Amino acid sequence: MDVKIHPSWKAVLNDYFNTDKFKDLADFVREEYAKKHILPPPSLIFNAFNLCPFDKVRVVIVGQDPYHTPGAAMGLAFSVPSKKMQPSLQNIFKEIKSDLGIDDPNLPSSGDLSYLAKQGVLLLNATLTVEAHKAGSHQKKGWEEFTDYVIQRLSSDKEHLVFLLWGRYAKEKGKNIDRTKHLVLEAAHPSPFSADKGFFGCKHFSKTNEYLEKHGSFPIVWLD
């Protein structure tokens, strides 16, 4: 089927797009958008893929669901298009500053992480849509299998990627990554409920840049 997604991803995922499983998912999503308030806007469902082409991916951050608050979801895991940031994103910025030795207590002026996507960071949620105000409402409808396939193709088709898996869900999502070819960094989720149990102090951002540079790639500029 004709999915509006970056051509580099379409070439990799087209076989999956033509499966009955994905067609059933697409039918479900289309019907949900027609009847309910679904997030993100349809044009942003594949935003992570469109901002970060397959051949440019260097880092993968795995999230779970889009934010279910209207105006927050933008198709990039953890990212919001405004200054009003979710607590998990605030903690991510705090760890970036601590890890990189940036002595500035202020949060960035925006939570929009598009600048990371454009550097090759795939901000991949496991589920790409959600009903407004209903967290997890589109889980187990087929998105998880699709994003499992995305991770599988990244693992098999590329080398020297860095996968950042935060929290039990993301760790389970990454269990089949080929760790002989890629660096997999795991920590607690940045949520306020768990950030002090291993996310703060994980130093994933400096470790990612060290690995990328070791393998001939340029470092990520983690703060815009």
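Before any of the text, the structure's been laid out above.
As a starting point, this report considers the structure included with it. Nothing here was measured: the structure is a model prediction, and the numbers come from that model.

## Digging into the sheet that holds strand 3 (residues 121-125)
Part 1 of the argument: Pairing in this open sheet of four strands is parallel, and the strands run 3-2-5-6 from one edge to the other. Two strands in the sheet have a free side with no partner beyond their single neighbour: strand 3 and strand 6 (183-187). On average, each strand axis in the sheet is inclined to that of its neighbour by 20°, with strand direction left out of account.
Part 2 of the argument: Pairing of strand 2 (residues 59-63) with strand 5 (residues 162-166), which is carried by four bridges, proceeds in the parallel orientation.

## Looking at the pattern of salt bridges
Part 1 of the argument: Enumeration over the complete set of coordinates arrives at twelve salt bridges.
Part 2 of the argument: With a closest N to O distance of 2.9 Å, Lys4 and Asp2 form a salt bridge.
Part 3 of the argument: Note on Lys4: relative accessible area 64%, which makes it exposed.
Part 4 of the argument: Its salt-bridge partner being Glu131, residue Lys36 comes within 3.9 Å of it at the nearest N-O pair. Linking Lys36 in the loop between helix 2 (20-35) and strand 1 (38-39) with Glu131 in strand 4 (residues 130-131), this pair joins segments that are 95 residues apart in sequence.
Part 5 of the argument: Glu131 sits in the buried class, given a relative accessible area of 14%.
Part 6 of the argument: Via salt bridges that share partners, Glu32, Lys36, Glu131 and Lys134 belong to a single interconnected network.

## Points about the environment of Ser156
Part 1 of the argument: As for its placement among the helices and strands, Ser156 is situated in helix 6 (residues 143-157).
Part 2 of the argument: Taking relative accessible area as the criterion, Ser156 reaches 44% and is therefore assigned partly exposed.
Part 3 of the argument: Expressed as a C-alpha distance, the spacing of Ser156 and Ile177, which sit 21 residues apart in the sequence, is 8.2 Å.
Part 4 of the argument: Here the side chain of Ser156 touches Arg153 through a polar contact of 3.4 Å, landing on its backbone oxygen.
Part 5 of the argument: Within the local environment of Ser156, its side chain forms a polar contact with the side chain of Asp157, the two groups lying 2.8 Å apart.

## Here we look at the nonpolar core
Part 1 of the argument: Trp9, Phe22, Phe46, Phe49, Leu122, Phe146 and Leu154 are the most contacted members of the largest nonpolar core, which totals 72 residues.
Part 2 of the argument: In terms of residue count, the dominant contributor to this core is helix 6 (six residues).
Part 3 of the argument: When residues no more than four places from it in sequence are discounted, the contact partners of Phe49 are Ile5, His6, Trp9, Leu122, Leu124, Leu128, Phe146 and Val150.

## Some words on the pairing of strand 6
Part 1 of the argument: Direction of pairing for strand 5 relative to strand 6: parallel, over a ladder of five bridges. Residue Leu164 lies in a different strand from strand 6, and its bridge partner there is Leu185.
Part 2 of the argument: In this fold, strand 5 hands off to helix 7 (residues 168-173), which returns the chain to strand 6; that crossover is right-handed.

Rules behind the numbers
- Residues numbered from 1 in each chain as written.
- Predicted model: local features only at pLDDT ≥ 70, side-chain atom pairs only at ≥ 80, totals over all residues.
- Heavy atoms only, no water.
- Pairing = 2+ DSSP bridges.
- Helix = DSSP H or I, 4+ residues; strand = E, 2+ residues; numbered from the N terminus.
- Axes fitted to C-alpha atoms, helices over the stretch in contact; angles between N-to-C directions.
- Salt bridge = Lys/Arg side-chain N within 4 Å of Asp/Glu carboxyl O.
- Buried < 20%, exposed > 50% of the residue type's maximum accessible area, 1.4 Å probe, protein only.
- Polar contact = N/O pair within 3.5 Å; in protein donor to acceptor, adjacent residues only side chain to side chain.
- Core = buried A, V, L, I, M, F, W, Y, C linked by side-chain atoms within 4.5 Å.
- Contact = heavy atoms within 4.5 Å.
- Right-handed = clockwise from strand over helix to strand, strands pointing away.

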